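Residues per chain, in single letters:
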Amino acid sequence: MTTNARAPRGRWIEGWDPENEDLWESTGKHVARRNLIFSIISEHIGFSIWSIWSVLVLFMGPDIGLPFSASEKFLLVITPNLVGAVLRLPYAAAVTRFGGRNWTIFSSVALLVPAGLAFHFVQQPGTPLWVFMLIGATAGVGGGNFASSMTNITIFFPQRLQGWALGLNAGGGNIGVATIQVVGLLVIAFAGNAHPSYVAAIYLPLIAVSAVCAALFMDNVDAIKAKPGALLEACSSRHTWWISFLYVGTFGSFIGYSFAFGLVLQTEFGFTPLQAASWTFLGPLMGSLSRPLGGWLADRIGGARVTAWNFVLMAGGVAVLLVASAQGSFALYVTAFIALFLLTGLGNGSTYKMIPAVYAAEAEDEVTSGREAVAAFAKARRLSGAVIGIAGAIGALGGVGINLAFRASYGGASASGDAALAVFLAYYVVCVLVTWAVYLRGSLKPGQTPVRTPEKRTAEAGRA
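Residues numbered from 1 in each chain as written. Predicted model: local features only at pLDDT ≥ 70, side-chain atom pairs only at ≥ 80, totals over all residues. Heavy atoms only, no water.

Chemist: Just checking my understanding: could you explain the nonpolar core for this structure?
Modeler: Here is a general trend for soluble globular proteins: nonpolar side chains tend to be buried in one another's company. Grouped together as the largest cluster of nonpolar side chains are 111 residues, with contacts concentrated most on Trp53, Phe132, Val199, Tyr257, Phe337, Phe406 and Phe424. The dominant element in this core, judged by the number of residues it contributes, is helix H15 (residues 330–368), at 15 residues. Here this core spans two domains, and each of domain 1 (27–225) and domain 2 (227–441) adds at least three residues to it. In this structure, Phe424 is in contact with Tyr257, Ile402, Ala405 and Phe406, ignoring residues within four places of it in sequence. Formed by 13 residues, the second largest nonpolar core is a distinct cluster that contains Ile13, Trp24, Leu36 and Ile155. (Core = buried A, V, L, I, M, F, W, Y, C linked by side-chain atoms within 4.5 Å. Buried < 20%, exposed > 50% of the residue type's maximum accessible area, 1.4 Å probe, protein only. Helix = DSSP H or I, 4+ residues; strand = E, 2+ residues; numbered from the N terminus. Domains from an automatic or database assignment. Contact = heavy atoms within 4.5 Å.)

Chemist: Where do I start with the packing of aromatic side chains in this structure?
Modeler: One pair of aromatic rings is described through two measures. These are the centre distance and the angle between the planes. Applying the stated criterion to the full structure yields 37 aromatic pairs. Aromatic pair Phe47 and Phe251: ring centres 6.2 Å apart, planes at 80 degrees, arrangement edge-to-face. Taken together, the residues Phe47 in helix H1 (residues 21–50) and Phe251 in helix H11 (residues 238–269) connect sequence positions 204 residues apart. Judged by its relative accessible area of 0%, Phe251 is buried. A cation over a ring is seen here: Arg441 above Trp436, with NZ or CZ 5.7 Å from the ring centre. (Phe/Tyr/Trp six-rings, centres within 6.5 Å; stacked < 30°, edge-to-face > 60°. Lys NZ or Arg CZ within 6 Å of the ring centre and 35° of its normal.)

Chemist: Where do I start with the packing of helix H4 (residues 100–110) against helix H5 (residues 112–121) in this structure?
Modeler: To characterise two packed helices, one gives the angle between the axes of the helices and the distance between these axes. Relative to each other, H4 and H5 sit at 10 degrees, their axes nearing to 5 Å. Taken together, the axes of H4 and H5 are roughly parallel relative to one another. In contact with Ser108, Val109 and Ala110 of H4, H5 contributes Leu112, Val113 and Pro114. Considering only residue class, the contact of H4 with H5 consists of 5 nonpolar, 1 polar and no charged. (Axes fitted to C-alpha atoms, helices over the stretch in contact; angles between N-to-C directions. Parallel < 35°, antiparallel > 145°, perpendicular 65-115°, else oblique. Nonpolar A, V, L, I, M, F, W, Y, C, P; charged D, E, K, R; others polar.)

Chemist: Please explain the pattern of salt bridges as it appears in this structure.
Modeler: Pairing of side chains with opposite charge becomes possible as their charged atoms draw close. Scanning all chains against the criterion turns up 4 salt bridges. Here Arg160 ties to Glu21 by a salt bridge, and the two come within 2.9 Å at their closest N and O atoms. Of the two residues, Arg160 sits in the loop between helix H7 (141–154) and helix H8 (162–191) while Glu21 sits in helix H1, which places them 139 residues apart along the sequence. For Glu21, a relative accessible area of 39% gives the class partly exposed. Residue Arg34 is joined to Asp219 by a salt bridge in which the shortest nitrogen-to-oxygen separation is 3.0 Å. Separated by 185 residues along the polypeptide, Arg34 in helix H1 and Asp219 in the loop between helix H9 (197–217) and strand S2 (220–221) bring together distant segments of the chain. This pair shows no difference in class: Arg34 is buried, exactly as Asp219 is. (Salt bridge = Lys/Arg side-chain N within 4 Å of Asp/Glu carboxyl O.)

Chemist: Got a minute to help me understand the domain arrangement of the chain in this structure?
Modeler: Frequently, the measure chosen for interface size is the accessible area that the parts lose on association. If you check the domain split of the chain, you get domain 1 (27–225) and domain 2 (227–441). Contacts between the two partners involve 50 residues from domain 1, matched on the other side by 51 residues from domain 2. Regarding the contact of domain 1 and domain 2, the summed buried area is about 4200 Å², with carbon and sulfur atoms giving 73% of it. At the surface where domain 1 touches domain 2, the tally comes to 0 salt bridges. Between the two partners, domain 1 and domain 2, sit 9 residue pairs in polar contact (both at pLDDT 80 or more). Of all the elements, H8 adds the most residues to the side of domain 1 that touches domain 2, at 17 residues. (Buried area = accessible area lost by both parts, 1.4 Å probe. Polar contact = N/O pair within 3.5 Å; in protein donor to acceptor, adjacent residues only side chain to side chain.)

Chemist: Is there a simple way to explain H9 in this structure?
Modeler: Helical periodicity: at 3.6 residues per turn, an α-helix aligns residues three or four positions apart in one direction. For H9, built from 21 residues, the straight-helix expectation of 30 Å at 1.5 Å per residue is met to within 8% by its first-to-last C-alpha distance of 31 Å. If you check which residues of H9 are buried, you get Ser197, Val199, Ala200, Tyr203, Ile207, Ser210, Ala211, Cys213, Ala214 and Ala215. Each element contacted by the buried residues of H9 is listed here: H1, helix H2 (52–59), H4, H5 and H8. (Expected span 1.5 Å × (residues − 1).)

Chemist: Got a minute to help me understand empty space enclosed by the protein in this structure?
Modeler: In this approach, a probe sized like a water molecule rolls over the atoms, and the result shows the empty space that is left. What the rule picks out here adds up to 2 cavities of 30 Å³ or more. A volume near 80 Å³ is recorded for the largest cavity. If you go around the largest cavity, the residues you meet are Ser39, Ser42, Val95, Gly100, Thr104, Ser107, Asn145, Ser148, Ser149, Asn152 and Met218. Secondary-structure elements contributing two or more residues to the lining of the largest cavity are H1, H4 and H7. Counting residues per element, the lining of the largest cavity draws most heavily on H7, at 4 residues. Each residue belonging to the lining of the largest cavity can be placed in one class, and the counts come to 2 nonpolar, 9 polar and no charged. A volume near 40 Å³ is recorded for the second largest cavity. Along its surface, the second largest cavity is lined by Tyr359, Glu362, Ala363, Glu366, Ala376, Lys379, Ala380 and Leu383. Its residues placed into classes, the lining of the second largest cavity shows 5 nonpolar, no polar and 3 charged. (1 Å grid on protein atoms, 1.4 Å probe; cavity = no way out; pocket = protein on both sides within 12 Å on 5 of 7 lines; lining within 4 Å. Points joined across faces, edges and corners; volume = space filled by probe spheres on them.)

Chemist: What exactly am I supposed to notice about the side chain of His239 here?
Modeler: Tracing the backbone through its elements, the reader meets His239 in helix H11. Among the residues examined, His239 registers a relative accessible area of 1% and is labelled buried. A polar side-chain atom of His239 sits 2.9 Å from a polar atom in the side chain of Tyr439.

In structure tokens form, the structure reads like this:
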């Protein structure tokens, strides 16, 4: 690895190998941690811009000339969610083509477009919904940042630390959802409901600072360059689709609930914007803070084990929400929702940890079968990076599903979210069954003689 503490700007670090213990201890960990710090900053702001409309819709009402219904507001928050999900695949591919530092600079600067448009148009009474939906679509670029950031950070850390590193990177980004909701709360508290443009204005200089920091302190790494066809190669792996299915349940729930929480409180309990904003930041905050913990637990006791039990608890959390809704108990409803947010964060961390663990286990099998070790583990890293992008994109689509379900449920005659909650409960139960059947069934019990069948090797990978 030919690198010092900081590589020359615009240059690629060559020979990067975080699995080499001597190089990792001498220089590698310092380079990795520095890139992680500024990756988190950029991704944090990206998540804030991606979720900015979950805050701005709380301001929208007749008093500022934007009298949209609850159904129209749900449609508005769905738009950036959908675009952000679609952008995750090209963003993941872009970082492997252009380099982590280079793409982070570009993706940070791109955030000026949705922030600037939001700043201007929310000050224009009578602006039609379709204009805001187009502006919301541009905010989807903030969602794409996640895939490029996670793909980039994967290569900086050795496999044994990737659960922690990916959890910290993602958690630091996810907390941007809570941050912008705190910003919205402060704007409402100190400036009133009539100044939504202040929320966007605060982020304009922060976006510029994050782009400059990426240019000054981040690196490009040659090992992140993917061979052509990496995404197609990943699509042929069944683990890509199973893990994506599970990630719909964890990250899809996190981002979907984050976008919908304020509108749910407004619709379910008739809250004012200030009342809703006073609670909405707590859920995303808990989900963001718990994500590194999920990665840490997965590093120690196994990603599949943590994921399976997490889905059991998520199903229980939704059951409590249904009870709270039936009783009309605001305290129980909010408590259960915040607990559900916390569990989505744990599941995000543990599910992402499963990606490098599964492919590292397959590489070990290939080496045991006689394949050259360097090629086998290079393939594992290539597939891990590609699957991170695919799972991130599909998982984010789960957020679209969450908001569509709420929109349909509240748009019915009962004007209740119970129908949507019932769907979520069923999905979490299916996720428990999938995790057990694919990654836990057949795991060896203490004292058993190992039988290295592909099925049992896969089950062991889930515990790796």
